[in-house]
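# Coordinates in review
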Amino acid sequence: MRAGLDFLAAEFPGRPVLLAGFSFGSWVGLAVGCEDERVLDLIGLGIPVNSVSLSYLRDCTKPKLLIQGGNDQFGSRQRVNELFDSLPEPKKLVIVEDADHFFAGKLDQVTAAIGAWLDERYPDRVTVLDSNPS
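Since we're looking at a predicted model, the values are computed, not measured.

### Here's the deal with the pairing of strand β1 (residues 17-22)
- Where burial is concerned, the two faces of β1 differ: the one with V17, L19 and G21 is buried and the one with L18, A20 and F22 is not.
- Two strands pair when backbone bridges link them, and β1 and strand β2 (residues 39-45) are joined in this way by six bridges, in the parallel orientation. Bridged to L19 within β2 is L42.

### Quick look at the environment of R15
- Residue placement: R15 occurs in the loop between α1 (2-11) and β1.
- Judged by relative accessible area, R15 falls into the exposed class, the value being 58%.
- Taking the C-alpha atoms as reference points, R15 and R38, separated by 23 residues in sequence, lie 8.4 Å from one another.

### Concerning the nonpolar core
- Counting residues in each nonpolar core, the largest one holds 17 residues, and the members touching the most others are L30, I47, L54, L57 and L83.
- Residue assignment for this core shows that the elements contributing at least two residues are β1, α2 (24-35), β2 and α3 (77-86).
- Beyond its immediate stretch of four places on either side in the chain, L83 contacts I47, V49, L54 and L57.
- By size, the runner-up hydrophobic cluster in this structure holds twelve residues, among which are I43, I67, A99 and F103.

### Topic: the packing of aromatic side chains
- Tallying each qualifying case throughout the model produces two aromatic pairs.
- Centroid distance F22 to F102: 5.9 Å. Interplanar angle 45 degrees. Geometry classified as tilted. Here F102 lies in the loop between β4 (91-96) and α4 (107-121) and F22 lies in strand β1, a separation of 80 residues in the sequence.
- For F22, a relative accessible area of 34% corresponds to the partly exposed category.
- Of the residues examined, F102 reaches a relative accessible area of 52% and is grouped as exposed.
- Directly above the ring of F84 sits K91, whose terminal nitrogen or CZ lies 4.6 Å from the centroid.

### Details of the side chain of K62
- Looking at the secondary structure, you find K62 in the loop between β2 and β3 (64-69).
- Polar side-chain contacts of K62 include one of 2.4 Å to the backbone oxygen of D36.
- In terms of polar contacts, K62 uses its side chain to reach the backbone carbonyl oxygen of V39, at 2.8 Å.
- With sequence-adjacent residues up to four places away left out, K62 is seen in contact with G33, C34, D36, E37, V39, L40, L42 and P90.

Criteria and thresholds
Residues numbered from 1 in each chain as written. Predicted model: local features only at pLDDT ≥ 70, side-chain atom pairs only at ≥ 80, totals over all residues. Heavy atoms only, no water. Buried < 20%, exposed > 50% of the residue type's maximum accessible area, 1.4 Å probe, protein only. Helix = DSSP H or I, 4+ residues; strand = E, 2+ residues; numbered from the N terminus. Pairing = 2+ DSSP bridges. Core = buried A, V, L, I, M, F, W, Y, C linked by side-chain atoms within 4.5 Å. Contact = heavy atoms within 4.5 Å. Phe/Tyr/Trp six-rings, centres within 6.5 Å; stacked < 30°, edge-to-face > 60°. Lys NZ or Arg CZ within 6 Å of the ring centre and 35° of its normal. Polar contact = N/O pair within 3.5 Å; in protein donor to acceptor, adjacent residues only side chain to side chain.

Have a look at this one:
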């Protein structure tokens, strides 16, 4: 993760970095992103709170978006809510109802949640949704 951040910083000097991770990648990515001053925003998808501790997030004041499946077998709704309630602002939690850990059949809702959060954070950003419009 740190090597990836170093690469991005070298390729795009001075540009802000948003770090997003899924499952194990969210556990590792959120930890690294909280510590690294180059990372401004954090997104965790399918956080595996049933098996690992994400207590380090309690000291992280960076903007955080957590997206969790309502039926995630690796991150129960109760544990996600408990963690979320303990986190400092700014933070947002999106539960994708009836979604499993992999958000099967619900990726459009994940995409929409990320887009809405980014629109709130960066209202003047330019978005490229489709490189092949018809």
